[in-house]
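Letter by letter, the chains look like this.
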Amino acid sequence: MIKFKRFLRCFSLLFLFSQTIEASATDERGQLINLQTKDLSMIMAVGKDSVVYFHHFGRKIEDASPYLNKQTYRRVDYGTDPHAYLAAGGSSYREPALRVTHSDGDLNTELAYVGHQQEQLAGGNVVRTTITMQDKKLPLVVELVVTAYRQENVFTQKVNIKNKEEQDVVLYNFYSSYLPIRAKKYYLNSFHGAWAQEMFMEESLLNHGVKTIENRMGVRTTHTENPSFVLALDMPLNENAGDAIGGALAWSGNYKLNFQVDEFDILGITAGINPYASEYRLAPGETFHTPEMIYTYSTYGAGGVSRNLHDWARRYQVYDADTIRPTLLNSWEGAYFTFDEKTITDMMGDAADMGLELFVLDDGWFGNKYPRNSSRQGLGDWQVTEEKLPHGIAYLADYAVSKGLQFGIWIEPEMVNPKSELAEKHPDWIVQAKGRPVPTTRNQWLLDMTNPEVQNFVFGVFDDVMRQSNNISYIKWDANRHVESVGSAFLAADRQSHFWIKYIQGLYSVYERIRAKYPDVLVQACSSGGGRVDYGALKYHQEVWTSDNTDARSRIFIQYGTNMIYPALVTGSHVSAVPNHQTGNVTPLKFRFDLAMSGRFGMELQPKDLSNEEKAFARVAIENYKGIRDIVMEGDLYRIISPYEGKGLYAIMYVSKDKGRAVVFDYCFEYQGRTHNSQLLRLYGLDPSRQYRVSELNVEKSVFWGNDKAFSGEYLINEGINPKLEKMYESAIFLLEEVD
Ligand code: GLA
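Computed from a predicted model, the values in this text were never measured in an experiment.

Calculation notes
Residues numbered from 1 in each chain as written. Predicted model: local features only at pLDDT ≥ 70, side-chain atom pairs only at ≥ 80, totals over all residues. Heavy atoms only, no water. Helix = DSSP H or I, 4+ residues; strand = E, 2+ residues; numbered from the N terminus. Buried < 20%, exposed > 50% of the residue type's maximum accessible area, 1.4 Å probe, protein only. Contact = heavy atoms within 4.5 Å. Pairing = 2+ DSSP bridges. Axes fitted to C-alpha atoms, helices over the stretch in contact; angles between N-to-C directions. Phe/Tyr/Trp six-rings, centres within 6.5 Å; stacked < 30°, edge-to-face > 60°. Lys NZ or Arg CZ within 6 Å of the ring centre and 35° of its normal. Salt bridge = Lys/Arg side-chain N within 4 Å of Asp/Glu carboxyl O. Polar contact = N/O pair within 3.5 Å; in protein donor to acceptor, adjacent residues only side chain to side chain. Near = heavy atom within 4 Å. Areas by Shrake-Rupley, 256 points an atom, 1.4 Å probe, with all protein chains shown as cover. Nonpolar A, V, L, I, M, F, W, Y, C, P; charged D, E, K, R; others polar. Expected span 1.5 Å × (residues − 1).

S.K.: How would you explain the environment of T130 if you had to name every residue and give the values?
M.R.: Along the chain, the position of T130 falls in strand β7 (residues 126–135). For T130, a relative accessible area of 12% corresponds to the buried category. For T130 and V142, which are 12 residues apart along the polypeptide, the C-alpha to C-alpha distance reads 9.7 Å. Not counting residues within four places of it along the chain, the set of residues in contact with T130 comprises G115, H116, Q117, E143, L144 and V145.

Listed below in structure tokens is the structure:
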């Protein structure tokens, strides 16, 4: 049924209801471009000078006709009016979306409207508008493609740059989108961090000048910053009120999002691939396709931004979002590199006994000349270590299936240890600048994915592993280093700067081949944890490994930030051992379970180290999770208390789309003492006219006086519930179910 729904959606997106409306510069009706979703408008108009001007992004305006004659009283000769896609040259001087050197050496580009056309897709829910512009002097064509997703209130933008000149055109800036916004004040909320500390949220008031979010690490792009943001307009970001724009770039390579407040207090957002060291020679006849920049606008603060993005992502971007994700046990923190067949089969037995559904064999299973017994060797040699696992992968996969589990396995196909047969055989496949030392990170090098031979190899690693058994249903795809000492033996000397782009295009082309051959396998994007958390990767992956930090306290902040932009169904969240292997923190097992249950649940420890009592608790909690996971994965997220409020409390809820069920997660991570009564959980997402029974999960004795009682939605929204969480690392999960 689920698969059929997916098929229908893809089918309708591609073939049904596709209808094209065309307009050209001579068509009066074509001068105003009013793109709409359910609640939003994006309005552009063609000026008398043939420039496509950007007028509005925000609340819906049905009659956009006044924009045709709107005057700004700015000096028209000063190049300050907002363009729909700003090019360098002519009278423009702000940070341009497009900057090129034309084939004749001309540095100017002045884009003029040629025409636009619209296609209706997905039964009319998706309208794609392609606005064609061309330089006034030379035949460089830019198609600005804006796609409106009606129900989800999302617009995406990208451009296709076509070189119709006679010689190469060199692209310097080639952003996906330029968005001029007007508000009294701009509060940018962006994400920052480091390995094991990803997606911490920070708000800054944008003053005049430029603020940039960017990455230059090439392939491991999202540990330090994330190509996404929530921009609050006029006032600081509020969870439930106020206007806010959410943005995210679907690209797994270097990115740059610029926020420039100009002298007219207009904020110009240029977003796309980072121009850093990436000038791109576009040959005559060639087209450059940028990735998509995704935007939403909410009049319900951050909450509205997240819900819109999650809906859009689940319907149109995340790979196979309709399939409910299995619960799992991953071997990494439980066994690391030290295991034999029995260690693994015992872990599987315990996983099955606790009610988990999938077992993932992590790093350490391959290499014979250089067995992968540590991170120092063997990476690249994807043959099973015979000494360690004499019966091979098929035996383990079959064993998992015999226990009622699915089987998954770890690979890191883009990388190689210097001490490996692969590195000995193919030194030319390694990313390195000729004549310079090749630095290692985590004892490894990067393979040059710009090279089609390497792409074939990487596809082959996946394919060969999958062919070891029909019982492999999950691949953890890791990428544990970034680009250093950039250089490609494959690219010509005058094309070295193409590396950053060609690498990611090469990676995506491998993903395409994999998806064509293996449409159903669940592929996790891992990159030392959250190093590849972006909507580009999620087009091919069902989920990400949110962070290598599995400490439940740290995860509060990491998952809060990640789920601001990305839906819970993609965020792998595991119960691990204490003291936590990354932070040393000790939290109760219940707290760890309660936190992991707010994402895609898993465990990552040696089950043998759990007591019988702990295993019994795990069994109950895993069963409970299966009862609520559809709400977590498919429901609407309402954040109730932010961990950034400073009270040491965090609470969120997910509400099913029909508002018949909801689940509330409540965590206390600082001692509350006598102030615990100040905890107020107003359950915003419910229907005020219905009755809901509140039942606490994962406990014998509830911390809420109203447990197992029914309350009106009206009461729960306006008064809420007040569970008693007092001590550090106390937590509670409540299931709400509609009653007659
Ligand atoms: C990375 C991943 C971990 C684990 C190790 C294995 O660090 O993020 O989850 O798979 O690699 O080497």
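That was the structure; now back to the text.
S.K.: Describe the sheet that holds strand β3 (residues 40–46), and please don't skip the residues or the numbers.
M.R.: Across a sheet, strands are paired by hydrogen bonds formed along the backbone, either parallel or antiparallel in direction. Taken together, three strands build an open sheet; the order of strands is β2-β3-β4 and the sheet is antiparallel. Here the strands that pair on one side only, and so sit at the sheet edges, are β2 (32–36) and β4 (52–59). With direction set aside, neighbouring strand axes in the sheet form an average angle of 15°. Across five bridges, the pairing between β2 and β3 is antiparallel. Note on β3: the bridge partner recorded for L35 is M42.

S.K.: Hey, could you go over the packing of aromatic side chains for me, with residue numbers and the actual values?
M.R.: Enumeration over the complete set of coordinates arrives at 46 aromatic pairs. Residues W332 and Y336 carry aromatic rings whose centres are separated by 4.9 Å and whose planes lie at 80° to one another, so their mutual orientation is edge-to-face. Classification of W332 as buried rests on a relative accessible area of 17%. Where W365 meets F366, the ring centres are 5.2 Å apart and the plane angle is 80°; that geometry is what we call edge-to-face. Its relative accessible area of 0% is what places W365 among the buried residues. Assessed through its relative accessible area of 0%, F366 is described here as buried. Among the aromatic residues, those joined into a ring-pair cluster are F200, F557, Y560, F591, Y644, Y650, Y667, F669 and Y729. Above the plane of the ring of F339 lies K388, whose end atom (NZ or CZ) is 4.3 Å from the centre. R515 extends its terminal NZ or CZ atom over the ring of Y319, reaching a point 3.7 Å from the ring centre.

S.K.: Which residues make up the sheet that holds strand β22 (residues 328–330), and what values go with them?
M.R.: One closed barrel accounts for eight strands, arranged β22-β23-β24-β27-β28-β29-β30-β31; its pairing is parallel. Each strand axis lies, on average, 30° off the axis of its neighbour in the sheet, ignoring direction. By the bridge criterion, five bridges tie strand β24 (residues 406–411) to strand β27 (residues 472–477) in an arrangement that is parallel. From the neighbouring strand, I409 faces β27, where its bridge partner is I475. Against the sheet, helix α8 (residues 452–466) contacts β24, β27 and β28 (522–525), and its axis sits at roughly 145° relative to β27. Contacting β30 (571–576) and β31 (600–604), helix α11 (residues 589–596) runs over the sheet at an angle of about 170° to β30.

S.K.: With reference to specific residues and values, describe the pattern of salt bridges.
M.R.: Under the criterion given, the structure shown has 37 salt bridges. Here D104 makes a salt bridge to K137, at a shortest N to O gap of 3.0 Å. Taken together, the residues span a long stretch of sequence, with D104 in the loop between β5 (98–101) and β6 (111–121) and K137 in the loop between β7 and β8 (140–149) at a distance of 33 residues. A residue is classified by how much of its surface remains accessible, and D104, at 46% relative accessible area, is partly exposed. Judged by relative accessible area, which is 52%, K137 ranks as exposed. Salt-bridge contacts for R467 lead to D463; the nearest nitrogen and oxygen are separated by 3.8 Å. Put simply, K342, D346, D350, K608 and K615 are held in one network by salt bridges that share partners.

S.K.: Account for the pairing of strand β32 (residues 636–641), with residues named and values stated.
M.R.: Regular strands have side chains that alternate between both faces of the sheet. Most of β32 is tucked away, with six of its six residues classed as buried. Across five bridges, the pairing between β32 and strand β33 (residues 649–655) is antiparallel. In the strand pairing of β33, R639 is matched with I652.

S.K.: Any chance you could break down the side chain of D363 for me, citing the residues and the numbers?
M.R.: Tracing the backbone shows D363 in the loop between β23 (358–361) and α6 (392–402). Note on D363: relative accessible area 1%, which makes it buried. A polar contact is formed between the side chain of D363 and the side chain of R372, at a distance of 2.7 Å. With residues up to four places along the chain from it excluded, the contact list for D363 reads W332, Y336, F337, F339, R372, W410 and R442.

S.K.: Let's hear about the site of the ligand: which residues, and what values?
M.R.: In the neighbourhood of the ligand, 13 residues make up the surrounding shell, with D362, D363, K476, D478 and D548 lying closest. Measuring from an oxygen atom of the ligand, one finds a backbone N or O atom of G529 at 3.0 Å. Bound to the protein, the ligand loses 97% of the 300 Å² it would expose on its own. Partitioned by chemical class, the residues of the shell around the ligand number four nonpolar, three polar and six charged.

S.K.: Got a sec to walk through helix α9 (residues 499–517)? Specific residues and values, please.
M.R.: In a regular helix each residue adds 1.5 Å, so 19 residues correspond to 27 Å; α9 covers 27 Å between its end C-alpha atoms and thus fits that length. Buried within α9 are the following residues: F499, W500, I501, Y503, I504, G506, L507, Y508, V510, Y511, I514 and R515.

S.K.: Kindly report on the side chain of N189, identifying the contributing residues and their values.
M.R.: Topologically, N189 is positioned in strand β12 (residues 186–192). A polar atom in the side chain of N189 sits 2.8 Å from the side chain of E203. Each residue touching N189, except ones within four places of it in the same chain, is listed here: M201, E202, E203, F229, V230, A232 and L237.

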